[in-house]
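The primary structure of each chain is shown beneath.
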Amino acid sequence: MSVRELVVLGTASQVPTRHRNHNGYLLRWDGEGILFDPGEGTQRQMLRAGVAAHDLNRICVTHFHGDHSLGLAGVIQRINLDRVPHEITAHYPRSGQRFFDRLRYATAYRETVALTEAPVDADGPVAATAAYRLETRRLSHPVESFGYRLVEPDGRRMLPGRLAAHGIKGPDVGRIQREGGLGGVSLEEVSEVRRGQRFAFVMDTRLCDGVHALAEGCDLLVIESTFLDEDEALAVEHGHLTAGQAARVARDAGVRHLVLTHFSQRYSDPEEFERQARAAGFEGELTVAHDLARIPVPKRR
Ligand SMILES: [Zn+2]
């Protein structure tokens with residue numbers, strides 16, 4: 001069975017706290033695992049969350065601040081120690097190649113894994129599989145930062161009533177799907193578009209065009225809300241979002257499930273992020289992330 005879920009490995013911004021590890025998120029998408037922004041301690045958080053090195057196929061880094069990338073050294077050494085048999089691809093801003101090189105080769109170890117470096121330097125598609133297309137958009141932060149968006153190709157949903165009306169049944173249903181038509185009946189006449197699911201990962205950034213483009217129509221949106229609304233001036237200055245800003249983006253983009261994360265250690269009450277997100281008018285499903293949470297991609301409508 002295909003599993004699509006987010007496994008939250010860490011939710012702290014700049015500094016970890018007693019309750020929050022540095023960032024880290026694993027997206028399980030059918031048979032694949034995509035690790036986003038492994039901060040310090042990600043290897044151990046993977047263990048606690050039941051995520052193995054073998055589960056990883058792709059690593060996506062938004063930018064080279066420590067809370068989003070210091071875990072690369074440990075994770076890369078672990079996938080080599082465990083001799084992961086498949087290729088793993090790493091995406092990260094090309095402008096940070098020197099940081100990636102240092103983290104990849106931080107200490108001595110035996111390289112056993114095919115790790116492909118696929119640096120990002122522009123908006124657009126960076127990878128495609130049968131299950132998704134991976135795209136990037138530039139964000140706005142003191143160091144170059146890219147957000148990621150995963151889009152499943154649209155499919156078609158067969159309509160039993162129309163099939164019956166045309167007398168199409170049994171193996172002919174598969175045939176019309178494969179061949180696009182059968183006996184003068186087109187696939188379009190007996191099916192409708194089934195929109196592909198969409199996921200986006202947005203951090204770290206102040207409000208910009210990229211934030212809105214990434215969030216557009218997402219089933220599941222993971223977005224930073226480092227600050228509460230009363231500290232908006234700080235958010236703008238340091239290139240971050242507030243809970244209300246993130247929620248308004250999600251509201252305007254028609255997001256179904258909003259995950260807020262990357263919290264500043266200055267706040268002690270996570271519920272305040274939820275209150276401010278609701279006050280901003282977001283009415284979909286809302287999760288204020290905590291470490292080791294598992295969040296399913298919402299079922300298709
Ligand atoms: Zn950060």
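Residues numbered from 1 in each chain as written. Predicted model: local features only at pLDDT ≥ 70, side-chain atom pairs only at ≥ 80, totals over all residues. Heavy atoms only, no water.

1. Some words on helix H1 (residues 42-49)
- Buried within H1 are the following residues: Thr42, Gln45, Met46 and Ala49. For H1, the arc enclosing every buried residue in end-on projection is 105°, short of the 170-degree limit, so these residues lie on one face. In H1, the exposed positions that point more than 90 degrees away from the buried face belong to Arg44, Leu47 and Arg48.
- In this structure, the buried residues of H1 make contact with strand E1 (4-10), strand E2 (24-29), strand E3 (32-36), helix H3 (72-81) and strand E18 (294-296).
- Just downstream of H1, Gly50 is the residue with a positive phi angle, here 75°. (Buried < 20%, exposed > 50% of the residue type's maximum accessible area, 1.4 Å probe, protein only. Helix = DSSP H or I, 4+ residues; strand = E, 2+ residues; numbered from the N terminus. Arc of directions from axis to C-beta. Contact = heavy atoms within 4.5 Å.)

2. Details of the domain arrangement of the chain
- For the chain, the assigned domains are domain 1 (4-154 + 195-296) and domain 2 (156-191).
- Put simply, the middle of domain 1 and the middle of domain 2, counted by C-alpha atoms, are 41 Å apart. (Domains from an automatic or database assignment.)

3. Topic: unusual backbone geometry
- The peptide bond linking Met203 to Asp204 adopts the cis configuration, its omega dihedral lying at -20°.
- Of note, Asp204 is situated in the loop between strand E14 (198-202) and helix H7 (209-215).

4. With respect to the sheet that holds strand E4 (residues 58-60)
- Strand order in this open sheet of seven strands is E6-E5-E4-E3-E2-E1-E18, and the pairing throughout is mixed. With one partner strand each, in any of the chains shown, strand E6 (115-117) and E18 form the two edges of the open sheet. Between one strand axis and the next, the sheet turns by 20° as a mean value, whatever way the strands run.
- In terms of strand pairing, strand E5 (residues 88-91) meets E6 through three bridges, oriented parallel. The residue of E6 that forms the bridge with Thr89 is Thr116.
- Packing against the sheet, helix H4 (residues 97-104) makes contact with E5 and E6, and its axis sits at approximately 165° to E6. (Pairing = 2+ DSSP bridges. Axes fitted to C-alpha atoms, helices over the stretch in contact; angles between N-to-C directions.)

5. Topic: the coordination of the zinc ion
- Within the protein, the zinc ion binds to Asp67 (OD), His68 (NE2), Asp204 (OD) and His262 (NE2); these donor distances fall in the range 2.0 to 2.2 Å.
- Because the angles between the four donor atoms bound to the zinc ion fall within 91 to 171°, the donor set is best described as irregular.
- Site description for the zinc ion: donor spacing in sequence, D-H-x135-D-x57-H. Here Asp67 matches His68 in class, with each residue buried. (Donors = N, O, S within 2.8 Å, 3.2 Å for Na, K, Ca; no water. Tetrahedral: all angles 85-135°; square planar, octahedral: opposite > 155°, others 65-115°.)

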